[in-house]
Amino acid sequence: MARRAAIGAVAGTLAAGGLAAEILSRPDTLRNRVLAAETPKDPASTTAGRARVAQQPSLATVDEDRDSSFVAGKGSKKPKVTGKPQEYAGYAAAAKAGRTSPGVLISKGGPLTDAQARRHLLNRATFGPRPADVRELERLGIDKWLAAQLSPVAKDPAGDQAWRALALAGADPATIRRSIDEYSWEAMFHTGIATLGRQMFGSRQLFEVVVDVFANHLHVATPSDRGWDVAPQYAVAVIRRHAFGRYSDMLKAAMRHPAMLRYLDNDASTRDSVNENLGRELLELHTVGVSSGYTEKDVRASAYVLSGRGATKEGAFEYVADKHRTGRVKVLDWSAANSSAKGGLATGDRYLDYLATHPATARTIARKLVVRFVDDSPPAELVNRLAQIYLRNNTAILPMLTALFRSSEFWNSLGSKTKRPLEDVVSSARALDLPFGPTTAKGLEAVYWQLTNLGHAPLAWPSPNGYPDVAPAWASAGQLLERWSMHRALSHGWWEGLKQEKLPTALRPRKGDTYREWFDRLGERLIGQRPDTRQRTALSTFVQAKLTSRVDQGRMEWQAGHVIALVLDSPQFLVR
């Protein structure tokens, strides 16, 4: 009972979903506009209403998507605007001009301090800081640290080591086919577990965060039934290869990869029976979005253009001219004669280039990045600025990131994002500075299955729209309890390969420490600030000692893990 009371006291209102908006429909959601378009007396009204929305795209608002629907609940708030939106000449200059608003992390707003700026950057640009990340940022300063993280040629020996621990991670189809039984999911699981390993142990953290954004944007569920031999390579050859490159290249690579073509059934398309799945998701999810004005006719034309693209039984891309649907096609403002089946592949690539450089696609990609790094309700002016940068730089991703980290909106957004389950668990392991060892692959596998139970194992979202990236999508008391259990599992070393013989010196009480001194040092190490008065009192109650008392070193040998887990349960740690 004491432990449960302490958790509630340290974690505060988060157990009741205090940071996440209640998910209630608003009058102007797309779903409600569909219902409004229906005729109640018509038995087929649902189908008719949806068709009407498809033919009247004005019923969809700008930036309408799944994540925006999650945050559209009654009582959800627009991002706080602190000062005039501005882009600065350098990252450190933008940080210096940053402002804070009262919230979970601070009780009173004001100028962003140096310490707050560094912690904010580490929380957003990594999966959670290790002590080495904190030291490196202090040594280099914000400008040099971000320049290093944004380097397209940076090395990551620690991440590479974690990746190699799983033999079939990212393997090509031929290797997978000669290594495992047909239709076995082992290589797909290896790829998901190795992805977790890079996130947990890698030093090239900003790259890993951006990889995660685009793995969810051009999503291929891994594992999935037909991806057994091709999905692992997709993660490397499409997403990781182009994450710091041009989106147009990533998009074209995805639309030629057997994993995507199988996942959305394009390999089943024939000129007489065209499957619309890929053509539809290309418009709705991957490029222009539902508010761009496309119709059902555009969806069919989109599918016609992509017909003929498929995969061989051996897992290689193939274009079969006899399966390509010829005839004039038009999607939005793009059209083509499409008269040659042999030339259908080239026609499709021109179509993809058109979509990749469409202003609506620019907004889609900009919005994804701003939601990830700034706010669940992305500031419109920042989205528009990044979209223009995307178009001016021929769809290059790095210039958008450079501008984002030089924006006032980023540095004014302290406390506005919440960790999802994956980030919570990975950041716990990084905060505890868990070491990589010979059996760490076993520990990663155990954590992977726990994340599966939490609904957030890497790459594993079953639908084409990827994992949600907003707090309301993950708000439930049951899930929060599972996260707290994970904090205890990691702090106590429950899994082989993810345990330490003894707690790091920085987490153990020092000889002569009072409990207050130890609690404060734990807070500074794990959450970037000291616990507040209420949290100190709760921790004191849990250890059944006064804050001013000297730490009982013997008792804390076995109880320290519980205290550390309680600090990880705090709202300050859950904030991204």
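Above this text is the structure in question.
Residues numbered from 1 in each chain as written. Predicted model: local features only at pLDDT ≥ 70, side-chain atom pairs only at ≥ 80, totals over all residues. Heavy atoms only, no water.

## Some words on the packing of helix 10 (residues 186-201) against helix 23 (residues 440-453)
In helix packing, the relevant descriptors are the interaxial angle and the interaxial distance, both defined with respect to the helix axes. Heads up, the condition is: Axes, fitted as lines to C-alpha atoms, cover a helix only where it is in contact. Angles between the N-to-C directions of the axes lie from 0 to 180 degrees. For the purposes of this entry, the term helix denotes a DSSP run of H or I that reaches at least four residues, the term strand denotes a run of E that reaches at least two, and both are numbered from the N terminus. Each angle is binned into one of four classes, with values under 35 degrees roughly parallel, values over 145 roughly antiparallel, values of 65 to 115 roughly perpendicular, and all other values oblique. Only heavy atoms matter for contacts: two residues are in contact if any of them lie within 4.5 Å across the pair. Think of it as three bins: nonpolar holds Ala, Val, Leu, Ile, Met, Phe, Trp, Tyr, Cys and Pro, charged holds Asp, Glu, Lys and Arg, and polar takes everything else, Gly as well.
Their axes nearest at 9 Å, the elements helix 10 and helix 23 cross at an angle of 105°. It follows from the interaxial angle that helix 10 and helix 23 lie roughly perpendicular. Taking contact as the criterion, the partners of Phe189, Gly192, Ile193, Leu196, Gly197, Met200 and Phe201 in helix 10 are, on helix 23, Thr440, Leu444, Glu445, Val447, Tyr448, Trp449 and Leu451. Here the residues of the contact of helix 10 with helix 23 sort into 10 nonpolar, three polar and one charged.

## Considerations on the packing of aromatic side chains
Definition in use: Centre distance within 6.5 Å is the pairing criterion for rings of Phe, Tyr and Trp, where only the six-membered ring of Trp is used; planes under 30 degrees apart are then read as stacked, over 60 as edge-to-face, and the remainder as tilted. To sort residues, take the accessible area from a 1.4 Å probe on protein chains only and compare it with the maximum for the residue type: under 20% means buried, over 50% means exposed, and anything in between is partly exposed. Charges are assigned to positions over rings by a cutoff of 6 Å between ring centre and Lys NZ or Arg CZ, combined with an angular limit of 35 degrees from the ring normal.
One pass over the full model with this rule turns up 16 aromatic pairs. Measuring from ring centre to ring centre gives 5.0 Å for tryptophan 334 and tyrosine 351, while their planes differ by 40°; the resulting arrangement is tilted. Of the two residues, tryptophan 334 is situated in strand 6 (residues 334-336) and tyrosine 351 in helix 17 (residues 344-356); the sequence distance between them amounts to 17 residues. Of the two residues, tryptophan 334 and tyrosine 351, neither departs from the other in class, the shared state being buried. Ring geometry for tyrosine 467 versus tryptophan 474: centroids 6.1 Å apart, planes at 40°, classification tilted. For the pair shown, tyrosine 467 and tryptophan 474 are each scored as buried. Through successive ring pairs, a cluster of aromatic residues spans Trp185, Phe189, Tyr448 and Trp449. One residue, arginine 240, lies across the ring of tryptophan 163, its end atom 5.5 Å from the ring centre. Directly above the aromatic system of tyrosine 91 lies the positively charged group of arginine 406, at a separation of 4.9 Å from the ring centroid.

## Observations regarding the pattern of salt bridges
Put simply, the rule reads: The working definition used for a salt bridge is a side-chain nitrogen of Lys or Arg within 4 Å of a carboxyl oxygen of Asp or Glu.
All told, the structure shown has 33 salt bridges when counted by the stated rule. Put simply, arginine 372 and glutamate 423 hold a salt bridge, and the shortest N to O gap is 3.5 Å. Separated by 51 residues along the polypeptide, arginine 372 in helix 18 (residues 359-373) and glutamate 423 in helix 22 (residues 421-431) bring together distant segments of the chain. Arginine 576 is the partner of glutamate 423 in a salt bridge, and the nearest nitrogen-oxygen pair spans 3.0 Å. On the criterion of sequence distance, the pair formed by glutamate 423 in helix 22 and arginine 576 in the segment after helix 28 (571-574) is long-range, its members being 153 residues apart. Of the two residues, glutamate 423 and arginine 576, both sit in the buried class. In this structure, a network of salt bridges that share partners links the residues Asp212, Arg372, Arg420, Glu423, Asp469 and Arg576.

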